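Understanding the architecture of this molecule
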Amino acid sequence: MGECLGPGRGELWQRAGVPGLPERSALLLSPCLLPALQLLLWHSALWTVQEATPLGPARSLPQSFLLKCLEQVRKIQADGAELQERLCATHKLCHPEELVLLGHSLGIPQAPLSSCSSQSLQLTSCLDQLHGGLFLYQGLLQALAGISPELAPTLDTLQLDVTDFATNIWLQMEDLGVAPAVQPTQGTMPTFTSAFQRRAGGVLVASQLQRFLGLAYRGLRYLAEP
């Protein structure tokens with residue numbers, strides 16, 4: 001401590017390298033200044049990392065928003081299950097795994113949701129993928145229009161609930177300031193040329209939507225935990 005109090009403040013700054021002193025005098029910093037300088041550099045580096053890090057789970061979402069999302073997921077899951085059950089009971093299409101090859105030939109896309117995994121959750125990417133997936137399923141459900149008169153009400157309800165959920169996500173993205181400047185546009189949707197293709201497509205779309213919602217529910221529940 002005596003070494004720290006020895007030189008005056010002016011002398012310490014002179015030793016740090018005032019013009020006119022030899023260059024090697026800049027190396028003669030007081031030992032008292034080194035810990036403070038190291039701490040300053042550490043804080044500077046930490047601030048830079050924090051500034052560059054995208055929104056993560058630490059950035060909290062309103063609890064009311066998360067609870068509404070979880071409720072919407074459960075509602076859509078119930079709608080999708082009803083569609084699957086009616087396709088099974090009425091048209092004997094009960095096993096989506098038997099229709100996978102047909103789904104590939106029809107070009108039915110799937111929506112990723114890897115950014116909502118609790119192990120690698122990034123809030124901005126999760127919301128973006130969630131909205132993008134719901135927007136995709138809006139288009140797929142629209143492509144199923146005319147599936148059959150008895151299934152039309154169930155399909156319409158499912159489509160409406162998916163649209164409401166997508167809108168809810170988009171509005172929250174706008175509140176956070178992370179929504180794209182322009183809303184996405186729908187890509188090319190599969191074309192169903194027969195009643196069987198449309199009903200088989202309904203089974204596949206409903207099954208894929210259920211898996212997507214299962215991942216979404218786990219990610220949203222993780223965010224909702226205190």
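Throughout, a residue's number is its position along its own chain's written sequence, starting from 1. Only residues with pLDDT of at least 70 get local features here, since the model is predicted, and only at 80 or more are side-chain atom pairs given and counted; chain-wide, interface and lining totals rely on the full set of residues. Note: side-chain values were computed over all heavy atoms of the structure, leaving out hydrogens and water.

Attention now moves to helix H4 (residues 63-91). With 29 residues, H4 extends 42 Å from end C-alpha to end C-alpha; this agrees with the ideal 42 Å at 1.5 Å per step. For every residue, the accessible area (1.4 Å probe, protein chains only) is compared with the maximum for its type, and the residue is labelled buried under 20%, exposed over 50%, or partly exposed between those bounds. Strands are runs of DSSP state E lasting at least two residues, helices are runs of H or I lasting at least four, and both sets are numbered from the N terminus onward. Along H4, the positions that sit buried rather than exposed are Phe65, Leu66, Cys69, Leu70, Gln72, Val73, Ile76, Asp79, Gly80, Leu83 and Leu87. In this description, contact between two residues means that some pair of their heavy atoms is separated by no more than 4.5 Å. Residues of H4 that are buried make contact with helix H6 (123-143), helix H7 (152-176) and helix H8 (195-224). With its phi angle positive at about 60°, Lys92 sits one or two positions after the end of H4. One less than the number of residues in a helix, times 1.5 Å, gives the span that helix is expected to have.

Looking now at the pattern of salt bridges. One side-chain nitrogen of Lys or Arg within 4 Å of one carboxyl oxygen of Asp or Glu is enough to make a salt bridge. Under the definition given, this model contains 2 salt bridges. A salt bridge links Lys75 to Asp79; the nearest nitrogen and oxygen atoms lie 3.2 Å apart. In this pair, Lys75 and Asp79 both sit in helix H4, 4 residues apart, roughly one turn of the helix. When its relative accessible area of 39% is taken as the criterion, Lys75 is described as partly exposed. Judged by its relative accessible area of 7%, Asp79 is buried.

The predictor rates its confidence in each residue with pLDDT, a number between 0 and 100. Residues of the chain with pLDDT of at least 70 account for 74%, and the chain-wide mean is 80. Predicted confidence for residues 9-30 stays below pLDDT 50, and this span has 13 contacts to residues more than four positions away or in other chains. Note on residues 39-58: pLDDT is under 50 here. Beyond four places in sequence and across chains, it has 10 contacts.

Before going further, it helps to examine the environment of Gln197. If you trace the backbone, Gln197 turns up in helix H8. The class for Gln197 is buried, based on a relative accessible area of 19%. A sequence separation of 50 residues divides Gln197 from Ile147, and the C-alpha atoms of the two residues are 9.1 Å apart. When neighbours within four sequence positions are excluded, Gln197 is seen to be in contact with Leu106, Thr191 and Phe192.

Before going further, it helps to examine the state of the cysteines. Defined by distance alone, a disulfide is two cysteine sulfur atoms within 2.5 Å. If you walk through the whole model with that rule in mind, you get 2 disulfides. What pairs with Cys88 in a disulfide is Cys94, and their sulfur atoms sit 2.0 Å apart. On the sign convention where negative is left-handed, the bridge of Cys88 and Cys94, at about 90° about the S-S bond, is right-handed. Residue class for Cys88 comes out partly exposed when judged on its relative accessible area of 25%. Owing to a relative accessible area of 32%, Cys94 belongs among the partly exposed residues under this scheme. Disulfide pairing is shown between Cys116 and Cys126; the S-S distance is 1.9 Å. Its S-S torsion of approximately 105° makes the covalent link between Cys116 and Cys126 right-handed.

Another aspect to go through is H7. Taking 1.5 Å of rise per residue, 25 residues should cover 36 Å, and H7 covers 36 Å from first to last C-alpha, within 8% of that figure. Of the residues trailing H7, Gly177 is marked for its positive phi of about 75°.

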